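# Results of the structural survey
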Amino acid sequence: MSITLADSYYLKALDLYPYELDQVTEALNFAISYDNDHAGAHCLLGMLNLYQLGKYREAEDHFERALASDIDNTETYYSYADLLIQIGEYGKAKKLIKYAYKIKGINVIRLKHIEGLIAEIKGNYLKAKEYMKIAYLSSYRKVEREFLKEELDRVNSKLKDQKKSSCK
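I will try to describe carefully the structure that is included in this document. Note that the structure is predicted; figures quoted are calculated from it, not measured.

Quick notes on the rules
- Residues numbered from 1 in each chain as written.
- Predicted model: local features only at pLDDT ≥ 70, side-chain atom pairs only at ≥ 80, totals over all residues.
- Heavy atoms only, no water.
- Core = buried A, V, L, I, M, F, W, Y, C linked by side-chain atoms within 4.5 Å.
- Buried < 20%, exposed > 50% of the residue type's maximum accessible area, 1.4 Å probe, protein only.
- Helix = DSSP H or I, 4+ residues; strand = E, 2+ residues; numbered from the N terminus.
- Contact = heavy atoms within 4.5 Å.
- Axes fitted to C-alpha atoms, helices over the stretch in contact; angles between N-to-C directions.
- Parallel < 35°, antiparallel > 145°, perpendicular 65-115°, else oblique.
- Left-handed = near helix turned anticlockwise from the far one by under 90°.
- Nonpolar A, V, L, I, M, F, W, Y, C, P; charged D, E, K, R; others polar.
- Salt bridge = Lys/Arg side-chain N within 4 Å of Asp/Glu carboxyl O.
- Patch = residues over 30% accessible without salt bridge, like charges linked within 9 Å, V, L, I, M, F, W, Y side chains within 5 Å.
- Areas by Shrake-Rupley, 256 points an atom, 1.4 Å probe, with all protein chains shown as cover.

Next up on the list: the nonpolar core. Across soluble globular proteins, you tend to see nonpolar side chains buried next to one another. L28 and F63 are the most contacted members of the largest nonpolar core, which totals 37 residues. Tallying contributions element by element places helix α3 (residues 39–53) first for this core, with eight residues. F63 has contacts with H42, C43, G46, M47, L50, T76, S79, Y80 and L83, leaving out every residue within four places of it along the chain. A128, L152, V155 and L159 belong to the second-largest nonpolar core, a separate cluster that totals eight residues.

This is the structure we're talking about:
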């Protein structure tokens, strides 16, 4: 399999993201001009719009185009779910996650974490704890385990605060 010009520009953008945003944008524009359906480029454009520009509609459009181009592009699921959580579309985020579990190569630990975040935001700390614990116990990378331990600690703290306030 050969690398296309669109792939080359996408890889350049990916390498520069998120530090050289003007060059990232230029490289992504070239990638899209060579392949309008480049899933990776659309995903990265979605991330740029979401995290750097705060343009949620544009981000959603790019994530949807990425999935339409390549339903197996795993990175799109994580970032798209993050967007949906940020804009309060929890039901849509849950549906996306449910489908993502079917994708070969998807990071199930990340999906469990995302499900935990949704439960936490909705105030269901017991369910959030359950998801976070599954993610933590399933993880085998030190950095990931440390991160998930902090997430689990935060949820446990909220759970304790909730119990204290209900006892008063």
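This is not the end of the story, as more comes after the structure.
Below, the discussion takes up the packing of helix α8 (residues 125–138) against helix α9 (residues 142–167). Between α8 and α9, the shortest axis-to-axis distance is 9 Å and the interhelical angle comes to 160 degrees. Classified by the angle their axes make, α8 and α9 are roughly antiparallel. For α8 against α9, the interelement crossing comes out left-handed. Between α8 and α9, the contacting residues are Y125, L126, A128, K129, M132, K133, A135, Y136 and L137 on the first element and R145, L148, K149, E151, L152, R154, V155, N156, K158, L159 and Q162 on the second. Taken together, the residues of the contact of α8 with α9 break down into eleven nonpolar, two polar and seven charged.

Under the defined criterion, the tally for this structure stands at eleven salt bridges. Taking the shortest distance from any N to any O, the salt bridge between K92 and E64 comes out at 3.7 Å. Remark: E64 occurs in helix α4 (residues 56–69) and K92 occurs in helix α6 (residues 90–100); sequence separation between them is 28 residues. Of the residues examined, E64 reaches a relative accessible area of 37% and is grouped as partly exposed.

Our next topic: a nonpolar patch on the surface. Side chains of I3, L11 and L14 sit close together on the surface and give an oily, nonpolar patch of about 270 Å² of accessible area. With respect to the secondary-structure elements, L11 resides in helix α1 (residues 5–16).

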